[in-house]
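# Report on the structure
If you want the building blocks of each chain, they are given just below.
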Amino acid sequence: MAFADDSYLLESDTAVELYDGIRELPIVDPHSHADLAEIVANDGWTDIWEVEGATDHYVWSMMRKRGVPERKITGDAPNKEKWLALAEIFPEIAGNPVYEWVHLDLRRQFGIEKPVSSSTAEEIWTETKEQLTRRSMRPQQLLAEMNVEVLCTTDDPTSTLEYHERAETEVPDIDTRPTWRIDRAIHVEDASWGSFVEELTEVTGTDTSSLSGFLDALAETHEYFHEHGCRASDLSVTEPVTRPVSRRRARTVYERALDGHNLSQTERRDLQAFLVEEIGKLNAEKNWVTQFHIGPVRDYRDSLAETVGADAGGDVSTQTIELTGTLEYFLNRFDDEMEIVLYTVDPTHYPSIATITRAFPNVSVGPAWWFNDSPHGMEEQFRYVGSVDLLANHAGMVSDSRKLMSFGSRFEMFRRTLANTLGSMVERGQMPMEHATSLVEHLSYDRPKSLYGF
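Notes on the structure in this doc start here. (Residues numbered from 1 in each chain as written. Predicted model: local features only at pLDDT ≥ 70, side-chain atom pairs only at ≥ 80, totals over all residues. Heavy atoms only, no water.)

### Observations concerning the sheet that holds strand 2 (residues 148-152)
Taken together, 3 strands build an open sheet; the order of strands is 1-2-3 and the sheet is parallel. Looking at the sheet topology across the chains shown, the edges are occupied by strand 1 (27-29) and strand 3 (175-177). Ignoring which end each strand starts from, the neighbouring axes of this sheet average 5 degrees apart. Direction of pairing for strand 2 relative to strand 3: parallel, over a ladder of 3 bridges. For valine 150, the partnering residue across the bridge sits in strand 3 and is aspartate 175. (Pairing = 2+ DSSP bridges. Helix = DSSP H or I, 4+ residues; strand = E, 2+ residues; numbered from the N terminus. Axes fitted to C-alpha atoms, helices over the stretch in contact; angles between N-to-C directions.)

Structure (structure tokens):
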């Protein structure tokens with residue numbers, strides 16, 4: 001098997017046959033960090049660093065690990081200098097999925113098969129720079145070439161969704177949908193929470209000086225998002241907090257938070273739990289999917305957070321969170337009332353998550369996420385979840401990508417890994433080929449489309 005050839009990740013003829021059946025299926029992406037303004041504008045890019053490195057904290061982390069100075073990563077160095085710095089250390093990151101994604105992008109989108117290194121960097125820079133001037137390399141054309149059918153963005157509740165409105169007519173061939181990302185409403189411990197409350201008032205015109213006003217304003221944005229095609233909420237949290245909290249208790253804590261008091265941990269968790277339940281009610285009423293992204297410890301490296309900011313590659317995962325106890329109330333409260341998808345950033349949490357989803361038919365395991373969206377991470381998740389819960393109820397794939405160029409590569413890696421995993425099960429006599437064929441098609445397309453109601 002040659003590097004990234006047609007048999008990439010496929011270790012048997014059975015796996016090849018399974019992948020051939022799904023390789024051309026449309027992409028349905030329920031969770032991404034795509035910049036819809038960039039897609040609507042459709043101006044394109046000028047160089048390979050813009051498409052591969054400028055927005056990708058995965059790339060930044062690899063460069064830092066190999067000693068590249070920050071000036072050549074997120075600093076003021078020219079883009080070419082940044083690309084050359086990345087290319088110089090690129091052979092040293094082999095084994096990490098970043099290495100494979102970038103090479104897949106170069107092969108699939110640019111037709112460049114030479115490995116990235118210091119000796120090929122100039123040639124790749126020049127060749128890609130010329131290709132990026134072509135209309136076929138602009139965002140909308142690339143998405144069409146990748147066969148993207150549905151693309152969901154991640155949007156703050158205060159967003160006007162201007163670009164989603166424009167996309168309806170200016171990006172007619174792709175179903176672009178917003179996702180109601182509720183983090184800023186829930187994380188009352190963050191310094192930005194007060195600003196969010198003020199923004200919510202400005203956007204909705206609703207007085208948020210009381211808890212009831214705050215909830216009414218949130219409900220108004222929920223309805224607005226629904227009218228614009230949204231079918232899912234999303235909450236990223238290190239440890240979920242769900243438990244019964246009275247409205248009276250929540251009102252008292254809300255007023256203290258709004259007045260600028262330092263809340264105790266119990267107060268914060270009570271208000272968060274109350275708000276999460278209220279969000280669940282809104283979602284159940286509209287038949288939305290409720291997504292929990294669980295486990296990341298944000299901005300763990302202080303110096304990076306202080307100099308570069310959030311989403312810079314300084315986040316980590318932790319084993320030391322409670323899942324079964326903290327999710328129990330919410331899952332039972334909304335048992336069979338709406339679809340719920342649980343993503344966990346630490347693979348040691350799969351046993352808890354898989355047994356939870358096994359107990360609740362309306363709860364699904366989300367795809368291997370963040371540090372786990374590699375061939376190794378995905379295969380480990382497929383095998384474990386499939387043996388405890390059901391692969392047929394796995395939520396499918398999401399790109400979770402901040403760069404458009406890698407949408408196709410990420411889904412290709414998922415589909416190849418899925419085909420190889422099920423192919424090995426066929427080879428071992430664990431299932432017949434006809435059932436494996438049905439299952440890979442289901443997870444690659446039908447499952448996410450039906451789960452999210454697209």
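Structure shown, so let's carry the discussion forward.
### Comments concerning the packing of aromatic side chains
Inspection of every chain in the model, using the stated rule, returns 15 aromatic pairs. Both rings, one in phenylalanine 292 and one in phenylalanine 330, keep their centres 5.3 Å apart while their planes meet at 85 degrees; by these two values the pair is edge-to-face. Here phenylalanine 330 lies in helix 16 (residues 324-333) and phenylalanine 292 lies in strand 6 (residues 289-294), a separation of 38 residues in the sequence. Aromatic pair tryptophan 369 and tryptophan 370: ring centres 5.6 Å apart, planes at 55 degrees, arrangement tilted. (Phe/Tyr/Trp six-rings, centres within 6.5 Å; stacked < 30°, edge-to-face > 60°.)

### What about the packing of helix 13 (residues 247-258) against helix 14 (residues 265-286)?
In a packed pair of helices, the relevant descriptors are the angle between the two axes and the axis-to-axis distance. At their nearest, the axes of helix 13 and helix 14 sit 9 Å apart, and the two run at 120 degrees to each other. The orientation of helix 13 relative to helix 14 falls into the category oblique. Along this stretch, helix 13 crosses helix 14, giving a crossing that reads as left-handed. Between helix 13, through Arg247, Arg249, Ala250, Val253, Tyr254 and Arg256, and helix 14, the contact on the second element is made entirely by Thr266, Glu267, Asp270, Leu271 and Phe274. (Parallel < 35°, antiparallel > 145°, perpendicular 65-115°, else oblique. Left-handed = near helix turned anticlockwise from the far one by under 90°. Contact = heavy atoms within 4.5 Å.)

### Re the pairing of strand 5 (residues 232-237)
Within strand 5, 6 of the 6 residues are buried, which leaves the element mostly enclosed by the surrounding structure. As judged from the 6 bridges shared by strand 5 and strand 6, these two strands associate in the parallel manner. Of the residues in strand 6, the one forming a bridge with serine 233 is threonine 290. (Buried < 20%, exposed > 50% of the residue type's maximum accessible area, 1.4 Å probe, protein only.)

### Considerations on the layout of surface pockets
Of the volumes computed, that of the largest pocket is approximately 1100 Å³. As for the largest pocket, its lining consists of 41 residues, of which Asp183, His187, Ser236, Val237 and Arg298 are closest to the centre. Of all the secondary-structure elements, those providing two or more residues to the lining of the largest pocket are helix 4 (57-65), helix 10 (183-186), strand 5, helix 14 and strand 6. Take the lining of the largest pocket: its biggest share by element is 5 residues, from helix 14. By residue class, the composition of the lining of the largest pocket is 13 nonpolar, 12 polar and 16 charged. Estimates place the volume of the second largest pocket at around 420 Å³. Lining the second largest pocket are 17 residues, with Arg23, Glu145, Met146, Gly408 and Glu412 sitting closest to its centre. Listed by contribution, the elements that provide at least two residues to the lining of the second largest pocket are helix 6 (97-110) and helix 19 (407-427). For the lining of the second largest pocket, the element with the most residues is helix 19, which contributes 6 residues. Looking at the lining of the second largest pocket, its residues break down into 5 nonpolar, 4 polar and 8 charged. (1 Å grid on protein atoms, 1.4 Å probe; cavity = no way out; pocket = protein on both sides within 12 Å on 5 of 7 lines; lining within 4 Å. Points joined across faces, edges and corners; volume = space filled by probe spheres on them. Nonpolar A, V, L, I, M, F, W, Y, C, P; charged D, E, K, R; others polar.)

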